[in-house]
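Coordinates in review
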Amino acid sequence: MDHIPAIVIDLDRDSLDWDNYVGYYCSDIETIAFNSHVNARRSEKAIKSTLLHELVHWYLHIIGEKFSDSDERFARELIRVGLGRKHNPDEQSVLAAKKAWKRKKDERFEIVEENEDGVITARLKHHRKNVDDFKQDLANTLIRVHNNREDDITIYPGDIADKMCEWYGYKMEPIAQIAIRVSKRGTHWSGEIGDRDDIAEVLSHQLNMDYNEIDLKLNNDESVEAAAEEH
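The rules behind the values
Residues numbered from 1 in each chain as written. Predicted model: local features only at pLDDT ≥ 70, side-chain atom pairs only at ≥ 80, totals over all residues. Heavy atoms only, no water. Helix = DSSP H or I, 4+ residues; strand = E, 2+ residues; numbered from the N terminus. Rg over C-alpha atoms; globule rule 2.2 N^0.38 Å. Buried < 20%, exposed > 50% of the residue type's maximum accessible area, 1.4 Å probe, protein only. Contact = heavy atoms within 4.5 Å. Areas by Shrake-Rupley, 256 points an atom, 1.4 Å probe, with all protein chains shown as cover. Lys, Arg positive; Asp, Glu negative; His and termini not counted. Charge placed at Lys NZ, Arg CZ, Asp CG, Glu CD. Pairing = 2+ DSSP bridges. Axes fitted to C-alpha atoms, helices over the stretch in contact; angles between N-to-C directions. Parallel < 35°, antiparallel > 145°, perpendicular 65-115°, else oblique. Left-handed = near helix turned anticlockwise from the far one by under 90°. Nonpolar A, V, L, I, M, F, W, Y, C, P; charged D, E, K, R; others polar. Core = buried A, V, L, I, M, F, W, Y, C linked by side-chain atoms within 4.5 Å. Polar contact = N/O pair within 3.5 Å; in protein donor to acceptor, adjacent residues only side chain to side chain. Salt bridge = Lys/Arg side-chain N within 4 Å of Asp/Glu carboxyl O.

**Thoughts on the overall build of the protein chain**
- Of regular secondary structure, the protein chain possesses nine helices and seven strands.
- For the protein chain, the C-alpha radius of gyration of 26 Å lies well beyond 17 Å, the compact-globule estimate for 231 residues.
- Expressed as lengths along the three principal axes of its C-alpha atoms, the size of the protein chain is roughly 80 × 60 × 30 Å.
- Out of the 231 residues in the protein chain, the part that is buried amounts to 30%.
- Counting only contacts in the protein chain whose residues sit at least 6 apart along the sequence, the fraction spanning at least 24 positions is 47%.
- Of the accessible surface of the protein chain, which amounts to about 15,800 Å², a share of 49% is contributed by carbon and sulfur atoms.
- Both charge centroids of the protein chain, one from 32 positive and one from 47 negative side chains, sit 9 Å from each other.

Take a look at the structure:
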């Protein structure tokens, strides 16, 4: 960020309803407003929480994302900064928070180890961090582990997952015994399954099928084209 919002006490604006709110983000002037009379009765911790809530409005606004209290995107950001339970009590905000918490509950991150026997995945979750946080934490962990390891010490992706749990508060679910790569290999790594030859490679090298069985069960590209022409 190359700037911060203005923070004003007792902003002279008739539209501010201080009977129902303790802080406002005025998007038209990128200003966070507080009322001295209302906040005089609140603790410093409560006021800081309100400030953080309003900063979430500002942050999402300036990066061009939805920033209303009733937006799920806003609710997800509240979770990320640690204010997930401190949303507005109106019906739309409560609904947005429920959707955000459901999405967060289902969210997982994975670290992958690929070796001669296959692929092993370490699946991680965090109660508030998002994808960008995970990438930054993973980068920091890789750098820190490498710079501090002793000579001849082998480090595996599972070790990195353990350190992320220790250092950044991630929780690790049971590691998958194996994951099968079914997308084709290539210079561009498009992720697509690919044509017959690519699928045959997966069947042979990843799933241990015999070449004769593959030829018998997997249609040739020519037969597929002929079937398409008949229809």
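**Some remarks on the sheet that holds strand β1 (residues 6–9)**
- What the three strands build is an open sheet, ordered β1-β3-β2; its pairing is mixed. Each edge of the sheet is formed by a strand with only one pairing partner; in this case those strands are β1 and β2 (23–26). Recorded for the sheet is a direction-independent mean angle of 20° between the axes of neighbouring strands.
- As judged from the four bridges shared by β1 and strand β3 (residues 31–34), these two strands associate in the parallel manner.

**Quick look at the packing of helix α2 (residues 44–62) against helix α3 (residues 72–80)**
- Close contact between α2 and α3 brings their axes to 10 Å; oriented N to C, the two are set at 125°. Taken together, the axis directions place α2 and α3 in an arrangement best described as oblique. The element α2 and its partner α3 pack so that their crossing is right-handed. Together, His53, Val56, His57, Tyr59 and Leu60 of α2 and Arg73, Phe74, Glu77 and Leu78 of α3 make up the contact between the two elements.
- Here the contact of α2 with α3 is built from residues that sort into five nonpolar, two polar and two charged.

**Notes on the nonpolar core**
- Core analysis: the biggest nonpolar cluster contains ten residues, these being Phe109, Ile111, Ala122, Leu124, Phe134, Val145, Ile160, Ala161, Met164 and Tyr170.
- Broken down by secondary-structure element, the contributors of at least two residues to this core are β4 (109–115), β5 (118–125), α5 (131–148) and α6 (157–168).
- Sort the elements by how many residues they give to this core and α6 lands first, with three residues.
- Each residue touching isoleucine 160, except ones within four places of it in the same chain, is listed here: Ile111, Leu138, Thr141, Leu142, Val145 and Ile155.
- In this structure, Leu11, Tyr24, Ala33 and Val38 belong to the second largest nonpolar core, which totals seven residues.

**Points about helix α7 (residues 196–206)**
- Listed in full, the buried residues belonging to α7 are Arg196, Asp198, Ala200, Val202, Leu203, Ser204 and Gln206.
- Of the residues that open α7, the one with a side-chain oxygen 3.2 Å from the backbone nitrogen of aspartate 197 is aspartate 195.
- With its phi angle positive at about 60°, asparagine 208 sits one or two positions after the end of α7.

**Here's the deal with unusual backbone geometry**
- Unusually for a residue other than glycine, glutamate 30 sits at a positive phi of about 45°.
- Along the chain, glutamate 30 turns up in the loop between β2 and β3.
- Assessed through its relative accessible area of 27%, glutamate 30 is described here as partly exposed.

**A word on the environment of tryptophan 58**
- Among the secondary structure elements, tryptophan 58 is positioned in helix α2.
- In this structure the C-alpha to C-alpha distance between tryptophan 58 and arginine 185, which are 127 residues apart in sequence, comes to 43 Å.
- Non-local contacts of tryptophan 58, meaning those with residues more than four positions away in its chain, are made with Met1, His3, Ile4, Pro5, Tyr25 and Glu30.

**Concerning the pattern of salt bridges**
- As enumerated under the stated definition, the model contains 16 salt bridges in all.
- Linking arginine 76 and glutamate 72 is a salt bridge whose minimum nitrogen-to-oxygen distance equals 3.8 Å. You can see arginine 76 and its partner glutamate 72 sitting in helix α3, four residues apart, about one turn around the helix.
- Here lysine 163 makes a salt bridge to glutamate 166, at a shortest N to O gap of 3.4 Å. Here glutamate 166 and lysine 163 lie together in helix α6, a separation of three residues that amounts to about one turn.
- For lysine 163, a relative accessible area of 31% puts it in the partly exposed group.
- When salt bridges with common partners are traced through the structure, they connect Glu65, Arg73, Glu77, Arg80 and Asp133 into a single cluster.

Any link to function would need more than the numbers given here.
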